[in-house]
Amino acid sequence: MISTQPVTLSTDAALLRDAIARARTGLVDREVVAEVVVLCAVAGEHVLVIGAPGTAKSEAVRRTADQLGGRYFEYLLGRFTEPSEIFGPVDLRRLREGLVEFETAGMLPEAEVAFLDEVFLGSTAVLNTLLGILNERVFRRGSTRLSCPLRVCVGAANTLPDDPALAAFADRFLARVFVTPVADGRLDELLEVGWGAGSRPAPTAGALLPTVDRLSEAARTCDLGAVRGPLAAAIRRMRQAGVPLSDRRAVRSQRLVSAAAALDGRTTASADDLWVLPLIAPTLDAQAAARDVLADLVESGRNGSLVYAAEEFARGQQARAARLVEAGRRLLDEVGTGPLGHDERLRVEGTLREIDAGFVLADAPQALRDVRGLLVAAINA
């Protein structure tokens, strides 16, 4: 039976929240990548993931794309990559008629989610054509003019380019995520997950892109009135701290703010959403500087769908509590109500240690105290 219930913003946010949680399953210290990809899909922006080889950049993107559904295109670019490998070959039938058109089926111009690894190795011909797709969602080549359904393009590279021409291309990717090898504290988790690396959460049963589109529409109509003053103050602080921000990046940062609000199920943005601002700083050092100068503005940041990203960039207690509540609830769902096995007990104990190390119980949010109580009960069952 087809439901006649209206789809609400909170319902859509919950659907994507669950999809993000599935995408994060099996990712160790790469949860932020998955969440920022979804944030940018809702914002209608693109994201660069920068990190050394072997840091699971590709895996995080693929898992997220699996959950979003839709047409997916992935390619590893090189110096000798031909445009036809990305955009499709010449249509030979039309060529015989004297028209240079391209067969784009299954290629980037028809993708809804795209991942381009080593994106800066593309030739001038490839990157110039990419610009039109990234900026305008239009593919132009020969006689072909095609509107592109692309929601988000993820570019990955080992390092940012030094070439000024490539830096201008990189500026089309609004958000930046920098990844480093997994911290020592999570190595045990990495080894455990890595041993079963062949398994991956099943792709979503139905494409969630209509959900993304509804949230995108909500983000476009989001009320930014209350946050525009603090946002302008934040941009000024970042520039004064030496963070290079073009006017275009400053203006488009509003898209990330409104998308964060929509993903949290709200139609009005607030100071809770300003934690996204360090994402627009173009280098790792610039992001560190942004975190420092924005510390007091973003410390209240939190997001029910993007719990890891909010914690990473806000560095505040509210975001950390929200992430621990979400992690605790999902852990309780996984372990069930019966006696805990050895591995399950270790996971519950680890979460309890993190809660107790980060919060004085009497001052902790009620939701976190409730989850802690349930975890303790699970240990004692």
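Conventions and cut-offs
- Residues numbered from 1 in each chain as written.
- Predicted model: local features only at pLDDT ≥ 70, side-chain atom pairs only at ≥ 80, totals over all residues.
- Heavy atoms only, no water.
- Helix = DSSP H or I, 4+ residues; strand = E, 2+ residues; numbered from the N terminus.
- Buried < 20%, exposed > 50% of the residue type's maximum accessible area, 1.4 Å probe, protein only.
- Contact = heavy atoms within 4.5 Å.
- Lys, Arg positive; Asp, Glu negative; His and termini not counted.
- Charge placed at Lys NZ, Arg CZ, Asp CG, Glu CD.
- Pairing = 2+ DSSP bridges.
- Core = buried A, V, L, I, M, F, W, Y, C linked by side-chain atoms within 4.5 Å.
- Expected span 1.5 Å × (residues − 1).
- pLDDT = per-residue confidence, 0-100.
- Axes fitted to C-alpha atoms, helices over the stretch in contact; angles between N-to-C directions.
- Parallel < 35°, antiparallel > 145°, perpendicular 65-115°, else oblique.
- Nonpolar A, V, L, I, M, F, W, Y, C, P; charged D, E, K, R; others polar.

Engineer: Explain the overall build of the protein to me, please; I cannot follow it from the model alone.
Structural biologist: Helices and strands together make up the secondary structure of the protein, namely 17 helices and 7 strands. Over its C-alpha atoms, taken along the principal directions, the protein stretches across nearly 75 × 50 × 45 Å. Classification of the 381 residues of the protein by burial places 49% in the buried group. For the protein, long-range pairs separated by at least 24 residues make up 75% of all intrachain contacts whose partners lie at least 6 apart in sequence. The positive charge centre, built from 44 side chains, and the negative charge centre, built from 50, are 4 Å apart in the protein.

Engineer: What's the story with the pairing of strand S7 (residues 175-178) in this structure? I'm lost.
Structural biologist: Burial along S7 is two-sided: Ala175 and Val177 and Arg176 and Phe178, pointing in opposite directions, are all buried. As judged from the 4 bridges shared by strand S1 (residues 47-50) and S7, these two strands associate in the parallel manner. Within the sheet, the bridge partner assigned to Val47 lies in S7 and is Ala175.

Engineer: Looking at this model, I keep getting lost on the nonpolar core. Mind explaining?
Structural biologist: Soluble, globular proteins show a tendency: their nonpolar side chains are buried together. In this structure, Leu16, Val36, Leu39, Met238, Leu256, Trp275 and Leu279 are the most contacted members of the largest nonpolar core, which totals 77 residues. The greatest single-element share of this core, amounting to 11 residues, is contributed by helix H2 (residues 31-43). Apart from the residues within four sequence positions on either side, Leu16 is in contact with Val38, Val42, Leu68, Leu208, Thr211, Val212, Leu215 and Leu263. With 29 residues, the next largest nonpolar core counts Ile50, Ala111, Ala114 and Leu166 among its residues.

Engineer: For this particular structure, what's the right way to read H2?
Structural biologist: Spacing of three or four residues puts side chains on the same side of an α-helix, whose turn is 3.6 residues. Given a rise of 1.5 Å per residue, 13 residues ought to cover 18 Å, and the 19 Å separating the end C-alpha atoms of H2 matches this to within 8%. The first or second residue beyond H2 is Gly44, which carries a positive phi of 75°.

Engineer: In this structure, what is going on with the confidence of the model for the protein? I would like to understand it.
Structural biologist: Low pLDDT means the predicted atomic positions in that stretch should not be read closely. In the predicted model, the protein carries a mean pLDDT of 89, and the fraction of residues at 70 or more is 94%. The low-confidence segment residues 1-5, where pLDDT is below 50, has 0 contacts with residues more than four positions distant or belonging to other chains.

Engineer: I tried to follow the packing of H2 against helix H11 (residues 247-263) on my own but got confused; where do I start?
Structural biologist: The relative placement of two packed helices comes down to the angle between their axes together with the axis-to-axis distance. Across the interface, H2 lies against H11 with an axial gap of 8 Å and an inter-helix angle of 105°. In terms of orientation, H2 lies roughly perpendicular with respect to H11. For the pair H2 and H11, the contacting residues are Val38, Leu39, Cys40, Val42 and Ala43 in the first and Arg255, Leu256, Ala259, Ala260 and Leu263 in the second. Taken together, the residues of the contact of H2 with H11 sort by class into 9 nonpolar, no polar and 1 charged.

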